[in-house]
Amino acid sequence: MNSGIITILTFLVFFALTWCISQTIKCCSEHFIVKRGTSLTIKDVFSDGGYPSTHSCTCVEVYIISLFYLIPALNKTSDMFYVVIALIIFESAWCFTTLRDAVGVRLSVQKNAEVLEKTIDSITSLHHLDTSDLKKEIKIKNGHYPLEVFGGVILGIICSFIYIGAIKGSFIISVISFLTLVIYIILSFVILKKRKNN
């Protein structure tokens, strides 16, 4: 099989693993720390919002891995120099836009949904209306607070170094990155528990 195809398939597997790691941390933190005692559903596995930001995590992972492949290409080919520079600029803009969107636009939508839900609650209590169907349609968890995006960025960096260590065959990079991931998960749960208690 072509080495390029193997590289792409390896990247896709690591991308999927990173998504799974992020969503698992998010589901566990939501149901064991934030919403203690609630049951976990399949809908929760694919939920938006929460800690860490999976969008930010996967975006940063793709960005760092792209740089891992693009920067060495600058030295190899002079014909493609400007194409590689353009790709690096595009990747940088895409990553920044995704992070900004997670904490800016999507968080604003979440806050507006919270206000709408409170308004519906007020109308319901004032006029004794049944608005349960209407409340089911409102999607509250949508955006991310800065800490959630920051957590996603850190997780994306860690996962990209696990990938780079695996691709380079560097046992040391892989082990250090994996240990960093374990420390990250432990610290995440400690921080989330302290935030909930405050």
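That block above? That's the structure.
Computed from a prediction, not measured in an experiment: that's the story for all the values here.

Thresholds, definitions, all that
- Residues numbered from 1 in each chain as written.
- Predicted model: local features only at pLDDT ≥ 70, side-chain atom pairs only at ≥ 80, totals over all residues.
- Heavy atoms only, no water.
- Disulfide = S-S within 2.5 Å.
- Buried < 20%, exposed > 50% of the residue type's maximum accessible area, 1.4 Å probe, protein only.
- Helix = DSSP H or I, 4+ residues; strand = E, 2+ residues; numbered from the N terminus.
- Polar contact = N/O pair within 3.5 Å; in protein donor to acceptor, adjacent residues only side chain to side chain.
- Phe/Tyr/Trp six-rings, centres within 6.5 Å; stacked < 30°, edge-to-face > 60°.
- Contact = heavy atoms within 4.5 Å.
- Axes fitted to C-alpha atoms, helices over the stretch in contact; angles between N-to-C directions.
- Parallel < 35°, antiparallel > 145°, perpendicular 65-115°, else oblique.
- Left-handed = near helix turned anticlockwise from the far one by under 90°.
- Nonpolar A, V, L, I, M, F, W, Y, C, P; charged D, E, K, R; others polar.
- Expected span 1.5 Å × (residues − 1).

**Q** Before we go on, may I ask you to explain the state of the cysteines in this structure?
**A** Any covalent bond linking the sulfur atoms of two cysteines counts as a disulfide. One pass over the structure, following the stated rule, counts 0 disulfides. Left without a disulfide partner, Cys95 is nearest to the cysteine sulfur of Cys59, which lies 3.3 Å away. Exposure remark for Cys95: the relative accessible area of 6% places this residue in the buried category.

**Q** I would appreciate a short explanation of the side chain of Ser66 in the present structure.
**A** Relative to the helices and strands, Ser66 is located in helix H3 (residues 54–76). Of note is the side chain of Ser66, whose polar atom sits 2.7 Å from the backbone oxygen of Val62.

**Q** Could you clarify how one ought to interpret the packing of aromatic side chains in this entry?
**A** Each pair of aromatic rings is reported with the distance of its centres and the angle of its planes. Enumeration according to the criterion identifies 5 aromatic pairs in this entry. With centroids separated by 5.2 Å and ring planes inclined at 80°, the aromatic side chains of Phe14 and Tyr163 adopt a geometry described as edge-to-face. Remark: Tyr163 occurs in helix H7 (residues 146–168) and Phe14 occurs in helix H1 (residues 3–34); sequence separation between them is 149 residues. A single burial state applies to Phe14 and to Tyr163, both of which are buried. Judged by centre distance (5.0 Å) and plane angle (70°), the rings of Phe68 and Tyr69 are edge-to-face. Three or more aromatic residues joined by ring pairs make a cluster, and in this case those are Phe11, Phe14, Phe15 and Tyr163.

**Q** What exactly am I supposed to notice about the environment of Cys95 here?
**A** For Cys95, the position within the fold is in helix H4 (residues 81–103). If we skip the residues at most four places from it in the chain, Cys95 touches Cys59, Val60 and Tyr63.

**Q** For this particular structure, what's the right way to read the packing of H7 against helix H8 (residues 171–197)?
**A** When two helices pack together, their arrangement is given by the angle between their axes and by how far apart the axes lie. For the pair H7 and H8, the least separation of the axes is 8 Å and the interaxial angle reads 165°. What the angle tells us is that H7 and H8 run roughly antiparallel. Seen from above, H7 lies across H8 with left-handed handedness. In this structure, H7 contributes Leu147, Gly151, Gly152, Ile154, Leu155, Ile158, Phe161, Ile162, Gly165 and Ala166 to the contact, and H8 contributes Ile173, Ser174, Ser177, Phe178, Thr180, Leu181, Tyr184, Ile191 and Arg195. Broken down by class, the residue content of the contact of H7 with H8 amounts to 12 nonpolar, 6 polar and 1 charged.

**Q** Would you mind going over H7 with me for this structure?
**A** Each full turn of the α-helix corresponds to 3.6 residues, which orients residues three or four apart in the same direction. Given a rise of 1.5 Å per residue, 23 residues ought to cover 33 Å, and the 33 Å separating the end C-alpha atoms of H7 matches this to within 8%. Of the residues flanking the end of H7, it is Gly169, one or two places downstream, whose phi is positive at about 75°.

**Q** Help me understand the environment of Leu147 in this model?
**A** The residue Leu147 is located in helix H7 in this model. Classification of Leu147 as partly exposed rests on a relative accessible area of 31%. Remark: the alpha-carbon pair of Leu147 and Val103, spanning 44 residues in sequence, is separated by 9.3 Å. Here Leu147 is in contact with Tyr51, Ile191 and Arg195, once residues within four sequence places are set aside.

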